[in-house]
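What the coordinates show
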Amino acid sequence: IKQINHTCIITVIMKRSNNEDHCGLLKQLLESSPVSVEINKKGFHRELVTTVELIPDVPSGVRVLLVQRWPRGVYLDPYQLASLSDQRDWQILLDSGIDLEVPAHKTSGFVTYVYPTPDGPTPSLVKVTIPVHGRYHEPSFDGKTFTSVDIEPPELLLRTEKCAQLNNLEPHIVVDAPCTPDNSSTCPWVKLLHQQEQGSGGFQFPVGDGSLVTPVCGGTLLVTMICCVALSKYMWEHRII
Amino acid sequence: MERLITKLTEKQVLFTASFAVRLALVAYGDHQDRTMVVKYTDIDYHVFTDAARFITEGESPYNRSTYRYTPLLAWMLTPNIYLSMVFGKILFIVCDVLSGLLIYRILRLRGLGSETARRVCSLWLLNPLTMGVSSRGNAESILAALVLGTLLCMEARHLMWAAILYGLSVHMKIYPITYALPIALTLRTPETRSEEERKRWRSFIGFIGSFFNRELLLFASVAGGVFCMLTAFFYYMYGWEFLHETYLYHLTRRDIRHNFSPYFYMLYLTADSRWSQWLGLAAFLPQLILLLVASWAFHSDLAFCCFLHTAIFVSFNKVCTSQYFLWYLCLLPLVIPHLSLSLKQGVGLLLLWFAGQGIWLCPAYFLEFEGYNTFLLIWLAGLLFMIINSSILIQIVAHYKPTQTAQRLKVE
């Protein structure tokens, strides 16, 4: 019986140290994986490229989740994302429906969950390119021709099946988020307490000049009235009796 | 060259060739979609297909955001899900070629010779713009076929069919409602000589009374009945959302994003101000005045009147996209044989029209894809485009010779 007890104790100690190894590895990954954000293209149709550099040998079972909070000045087109789904290896989950046409000040921001390679092993370099579109903003009345929309880098969330006690990874926080892109269940994920200041990205979008409202209205109505009167005159002169 | 044109416009060759070219474009479009980044198929086609998919799952087509059409269109496209994605495009190109056939029949009814009618038809059938639009999956050709069908039936005095097609076309898109006034003016009892000498108020009552004749009441009740039945049926199926997305959205639409309309910048800058309602009304007045004048001046030539109506409606509308141009381009072949413009003048006007669009597209491209603030330039280009459109319409009106003139000349 003593021998059996010894074996039991040894097995338990080995399991716990394995667990601790995985949890320690997770903490190490979390602290040493910089997340950087880059904005490509110009105009109202841009691309947000998020890059995460994990350690070269990512242990199997580690899953990555990028939680991005978007301001109301931009939007993603869910139909565009769906049509591009066969050209990319990441999947995205949106937290709410998106109105594609409303101007910025009449809507609110939203949150996306990006899962790189959900069906395969996590690579050591995660690069996700998301097509983003700018909304129309309120016209400016102080002479500024552009408006800025700032975007903070996404939060990196990690989890692994092999580390059960995520609470031990202090000081990092445990949050609940969807396990998979189909949003069928929620799992605990661990995220960094202090997000690294990798420099948030910013978009610049042109805005209308509100101070010109009187000449624009006056000019538009004048030209349309002149065209209306001219066309009416000719139509009346050449009417078919 | 002359022989080539004659050969190309022989009846069987023309219609078969135009259908074959469109079919080839659909096949090419399928290939481009699968192999290249820039897609051939229009985004609207995907909107229709998604809405049709919702219908096959027993849900409302309005679950698909930006689906702003009648449920009838999504119903017609359900074979896209059951049979093949390309069914809708085949339907659109068939309607496109059918529109060409209807143009031919209307021209023949208005007294044009077979060869001339076919040559004019080829302006629509062999036009790369119309070929591209229908093969890319735009549903405009269905409406073109319905409107041309209405005009053909009116020309042939088959009022029942004209009313049914008219009710159907108003159900599909609101703009044909503007044809109601010229149609009413055409169908009312014409004034006799003696009535013209009556006193003012008597002639006014007589004018109102002339609208109450059998033909007009029949037309109004059949067209109104078709429209109300369809509206009631779809309201029963899909509720308020159907009314809002199909009709109310288009009536109250204030798209502040850049488009060809001269009013775009004005509406963008005043979108949240207390003047926006009044400005919207001020923008509606020129449209209304011109439609009333056009109806009264040209109602005796229904095809020309409808062309003018639609061209005015589109040019003076608060929102104008290139899709709208097809609404009046399908009626242009009916007008062309009666224009006394020389070929040089005609081509000049056409180039002017394209130049107006090009001048607008330049700053619009720089705004949307390069991020420059070109709002003022876009606004000015929009005003210029309105001036160009008005000038072209004035030229068309000034050089239009209705068929009666030809007959009068013959007698003399």
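Residues numbered from 1 in each chain as written. Chains lettered and ligands numbered in written order. Predicted model: local features only at pLDDT ≥ 70, side-chain atom pairs only at ≥ 80, totals over all residues. Heavy atoms only, no water.

**Thoughts on the overall build of chain B**
Check the secondary structure of chain B and you find 22 helices and zero strands. For 412 residues, the compact-globule estimate of 2.2 N^0.38 gives 22 Å, and the C-alpha radius of gyration of chain B, at 22 Å, lies within 12% of that figure. Viewed in the frame of its principal axes, chain B has a C-alpha envelope of about 70 × 65 × 45 Å. When each of the 412 residues of chain B is scored for burial, the buried share is 52%. Within chain B, residue pairs in contact and separated by at least 24 positions form 72% of the contacts whose partners lie at least 6 positions apart. When the accessible surface of chain B is split by element, carbon and sulfur atoms take 68% of a total near 19,500 Å². (Helix = DSSP H or I, 4+ residues; strand = E, 2+ residues; numbered from the N terminus. Rg over C-alpha atoms; globule rule 2.2 N^0.38 Å. Buried < 20%, exposed > 50% of the residue type's maximum accessible area, 1.4 Å probe, protein only. Contact = heavy atoms within 4.5 Å. Areas by Shrake-Rupley, 256 points an atom, 1.4 Å probe, with all protein chains shown as cover.)

**What about the overall build of chain A?**
Counting secondary structure elements, chain A contains three helices and twelve strands. The contacts of chain A with a sequence gap of at least 6 include a subset with a gap of at least 24, amounting to 74%. With the model as given, the accessible surface of chain A reaches about 12,800 Å², and the carbon-plus-sulfur share is 53%.

**As for the confidence of the model for chain B**
Residue and element names in this part refer to chain B. Here chain B shows a mean pLDDT of 88. Residues at 70 or above account for 94%. When mean pLDDT is taken per element in chain B, helix α21 (residues 375-398) scores highest with 96 and helix α22 (residues 403-411) scores lowest with 41. Confidence over residues 405-412 falls short of pLDDT 50; this stretch has zero contacts with residues more than four positions distant or in other chains. For this predicted complex, the interface confidence comes out at an ipTM of 0.87, alongside a pTM of 0.86. (pLDDT = per-residue confidence, 0-100.)

**Thoughts on the state of the cysteines**
All names here are of chain A. The final tally for this structure, using the stated rule, is one disulfide over all chains. There is a disulfide in this structure between Cys179 and Cys187, and the S-S distance comes to 1.8 Å. Between Cys179 and Cys187 the sulfur-sulfur dihedral comes to about 105 degrees; the bridge is accordingly right-handed. Considered together, Cys179 and Cys187 belong to a single accessibility category, that of buried residues. This cysteine, Cys217, is not joined by any disulfide, and Cys227 carries the nearest cysteine sulfur, 17 Å off. (Disulfide = S-S within 2.5 Å.)

**Brief notes about the interface of chain A and chain B**
Between chain A and chain B, the residue contacts involve 44 residues of the former and 55 residues of the latter. Note on chain A versus chain B: buried area summed over both sides is about 4,300 Å², and carbon and sulfur give 72% of it. Where chain A meets chain B, there are four salt bridges. The salt bridge involving Asp272(B) is made with Lys106(A); its shortest N-O contact spans 3.2 Å. Taken together, the connections running from chain A to chain B amount to 14 residue pairs in polar contact (both at pLDDT 80 or more). (Buried area = accessible area lost by both parts, 1.4 Å probe. Salt bridge = Lys/Arg side-chain N within 4 Å of Asp/Glu carboxyl O. Polar contact = N/O pair within 3.5 Å; in protein donor to acceptor, adjacent residues only side chain to side chain.)

**Topic: the environment of Ser114(B)**
Residues and elements named next belong to chain B. Looking at the element boundaries, Ser114 is found in helix α7 (residues 114-125). For Ser114, a relative accessible area of 23% corresponds to the partly exposed category. Separated by ten residues in sequence, Ser114 and Tyr104 have C-alpha atoms that sit 8.3 Å apart. Contact partners of Ser114, with chain neighbours within four places excluded, come to Tyr104 and Arg108. At a separation of 3.0 Å, a polar atom in the side chain of Ser114 contacts the side chain of Tyr104.

**Quick notes on the packing of helix α10 (residues 159-172) of chain B against helix α13 (residues 214-238) of chain B**
All names here are of chain B. Two numbers describe how α10 lies on α13: the axes approach to 8 Å, and their chain directions differ by 35 degrees. Where α10 crosses over α13, the two elements pack in a sense that is right-handed. Mapping the contact onto sequence places Leu159, Met160, Ala162, Ala163, Ile164, Tyr166, Gly167, Leu168, Val170 and His171 in α10 and Glu215, Phe219, Val222, Ala223, Val226, Phe227, Leu230, Thr231 and Phe234 in α13. (Axes fitted to C-alpha atoms, helices over the stretch in contact; angles between N-to-C directions. Left-handed = near helix turned anticlockwise from the far one by under 90°.)

**Examining the packing of aromatic side chains**
Applying the stated criterion across every chain, the model contains 44 aromatic pairs over all chains. Taking the centre distance of 5.9 Å and the plane angle of 80 degrees together, the rings of Tyr28(B) and Tyr40(B) count as edge-to-face. Taken together, the residues Tyr28(B) in helix α2 (residues 11-35) and Tyr40(B) in the loop between α2 and α3 (43-56) connect sequence positions twelve residues apart. Of the residues examined, Tyr40(B) reaches a relative accessible area of 12% and is grouped as buried. Taken together, a centroid distance of 5.4 Å and an interplanar angle of 70 degrees make the contact between Tyr67(B) and Tyr69(B) edge-to-face. Accessibility classification places Tyr67(B) together with Tyr69(B) in one group, the buried group. Linked through ring pairs, Phe44(A), Tyr136(A), Phe203(A), Phe205(A), Phe264(B), Tyr265(B), Tyr268(B) and Phe375(B) together constitute an aromatic cluster. Directly above the aromatic system of Trp90(A) lies the positively charged group of Arg88(A), at a separation of 4.2 Å from the ring centroid. Residue placement shows Lys233(A) over the ring face of Tyr234(A); its charged tip is 4.8 Å from the ring centre. (Phe/Tyr/Trp six-rings, centres within 6.5 Å; stacked < 30°, edge-to-face > 60°. Lys NZ or Arg CZ within 6 Å of the ring centre and 35° of its normal.)

**Structural notes on the sheet that holds strand β7 (residues 125-134) of chain A**
All names here are of chain A. Taken together, the four strands give an open sheet; going across it, the order is β1-β2-β7-β4, and neighbouring strands pair in antiparallel fashion. Two strands close off the open sheet at either side, each with one partner strand: β1 (35-40) and β4 (74-75). Relative to β7, strand β2 (residues 45-53) runs antiparallel, the two sharing nine bridges. Bridge assignment links Thr50 to a residue of β7, and that residue is Val128. (Pairing = 2+ DSSP bridges.)

**Some points on the UniProt feature "transmembrane region" (unreviewed entry) in chain B**
Residue and element names in this part refer to chain B. As annotated by UniProt and renumbered to match this structure, "transmembrane region" (unreviewed entry) occupies residues 12-29, 81-104, 216-238, 275-294, 301-319, 348-366 and 378-400. A distance of 26 Å separates the end C-alpha atoms of residues 12-29, which is 100% helix and 0% strand. Helix makes up 74% of residues 301-319 and strand 0%, and the two end C-alpha atoms of the span are 28 Å apart. (UniProt positions renumbered as here; feature names shortened; annotations may be inferred.)

**A closer look at the sheet that holds strand β11 (residues 186-191) of chain A**
All names here are of chain A. Read across the open sheet, the six strands follow the order β5-β6-β3-β9-β11-β10; overall the sheet is antiparallel. Looking at the sheet topology across the chains shown, the edges are occupied by β5 (90-94) and β10 (173-178). Taking each pair of neighbouring strands and ignoring which way they run, the sheet shows an average axis angle of 35 degrees. Here two bridges tie strand β9 (residues 155-160) to β11, and the two strands are oriented antiparallel to one another.

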